[in-house]
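Breakdown of the fold
Given next are the chains, with one letter for each unit.
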Amino acid sequence: MAKTDFTIMTFNVGNVRTEPEKLTGWLLNCGAEIVGLQELTVQQAEAIEKTLSDLFPYRQLHGAGIPGKGLLSRYPILETEQLHIYPHRPDLFGLIEIHGKPLRVIVAHPIPPRLHRRGFSYTEATHHHVHTLTELATSGEPTVLMGDFNMLNWDRRHSHLKRAGLKDVFMEVGKGRGHTLPARVGWLQTFPFMRVDYIWVSPQIKPLSAWLGEYVRSDHLPVLAQLAWE
């Protein structure tokens, strides 16, 4: 029987918090076949190019700190594109051929809520960002939308993604609560109490399992999932 499943990971590497050698060491042994990175720095991108080209022969890396993104794959990446939805904060799109089938992958990082006179709240630009990502992920083609969404699972943006037909993989098949932030405060490792990092899939993709990766000195924990063609 032909293999139909694959393992994917999203990881906000925390800008300069994760040393390049720590990051490449983790990626070397994480078991993921497709990886989406957020807050990737130039130094981290250079370390990946230098040490992981055999493991991930297909790569698209944009080291830029907070806006930085990366897509690593053991499967052929047929095309990539930066998505300029929010100014100076491009998301990353890739079309990957997995087991002979095309999979659309979007690595996203909408901005967090901002402090206003009445407290923290999202701007209309953030609402537009999430709605646009949702439209792209529900185009009718098999799609994975993953990244740091800076939202909790009771937020209305989460409900919007679900109503559009996307599946929150960790909510469906995850082990534990899936809390990913904050994994560290300053130099101290802490216990995360918020779930802000997500892997979403379109109806053509079946979630099999999901779990958190280990602490790699970022303020986020990685999220991994095993998926299959529905």
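Our subject is the structure listed above.
Everything in this summary refers to the structure shown in the same document. Bear in mind the structure is a predicted one, so any value in this text is a computation, not a measurement. (Residues numbered from 1 in each chain as written. Predicted model: local features only at pLDDT ≥ 70, side-chain atom pairs only at ≥ 80, totals over all residues. Heavy atoms only, no water.)

Moving on, we get to the environment of K22. When you line up the elements, K22 lands in helix α1 (residues 20–29). Assessed through its relative accessible area of 44%, K22 is described here as partly exposed. (Helix = DSSP H or I, 4+ residues; strand = E, 2+ residues; numbered from the N terminus. Buried < 20%, exposed > 50% of the residue type's maximum accessible area, 1.4 Å probe, protein only.)

The strand order β3-β4-β2-β1-β16-β15 describes an open sheet built from 6 strands, whose pairing is mixed. Strand pairing shows two members of the sheet lacking a second neighbour, β3 (58–62) and β15 (205–212), which therefore form its edges. Ignoring which end each strand starts from, the neighbouring axes of this sheet average 15° apart. Taken together, the 6 bridges between strand β1 (residues 5–12) and strand β16 (residues 223–229) define a ladder with antiparallel strand orientation. (Pairing = 2+ DSSP bridges. Axes fitted to C-alpha atoms, helices over the stretch in contact; angles between N-to-C directions.)

The strands that make up a sheet are held in pairs by hydrogen bonds between backbone atoms, and each pair lies either parallel or antiparallel. If you walk across this open sheet you meet the 6 strands as β5-β6-β7-β10-β14-β11, and the pairing is mixed. A single partner strand is all that each edge strand has here, and the edge strands are β5 (77–83) and β11 (167–168). In this sheet, strand β14 (residues 197–201) lies alongside β11 in antiparallel orientation, the contact comprising 2 bridges. Directly across from K167, in β14, lies its bridge partner V201. Contacts from helix α4 (residues 156–163) reach β10 (143–148), β11 and β14 within the one sheet, and its direction differs from that of β14 by about 15°. (Contact = heavy atoms within 4.5 Å.)

Q44, A45, A47 and I48 are the residues of helix α2 (residues 42–51) that are buried. The arc enclosing the buried residues of α2, seen along the axis, measures out at 160°, which places them on a common side. Residues of α2 that are buried make contact with α1, β2 (34–38), β3 and β4 (69–73). (Arc of directions from axis to C-beta.)

What follows covers the nonpolar core. Counting residues in hydrophobic clusters, the biggest one holds 24 residues, and the most contacted among them are I34, L103, I199 and L227. Residue assignment for this core shows that the elements contributing at least two residues are β1, β6 (91–98), β7 (101–108), β10, α5 (169–173), β14, β15 and β16. The dominant element in this core, judged by the number of residues it contributes, is β16, at 4 residues. The residues contacting L227, other than those within four sequence positions of it, are T4, D5, F6, I8, V144, V169, V201, I205, K206, P207 and L208. Counting residues in hydrophobic clusters, the runner-up holds 19 residues, among them V13, W26, V35 and L52. (Core = buried A, V, L, I, M, F, W, Y, C linked by side-chain atoms within 4.5 Å.)

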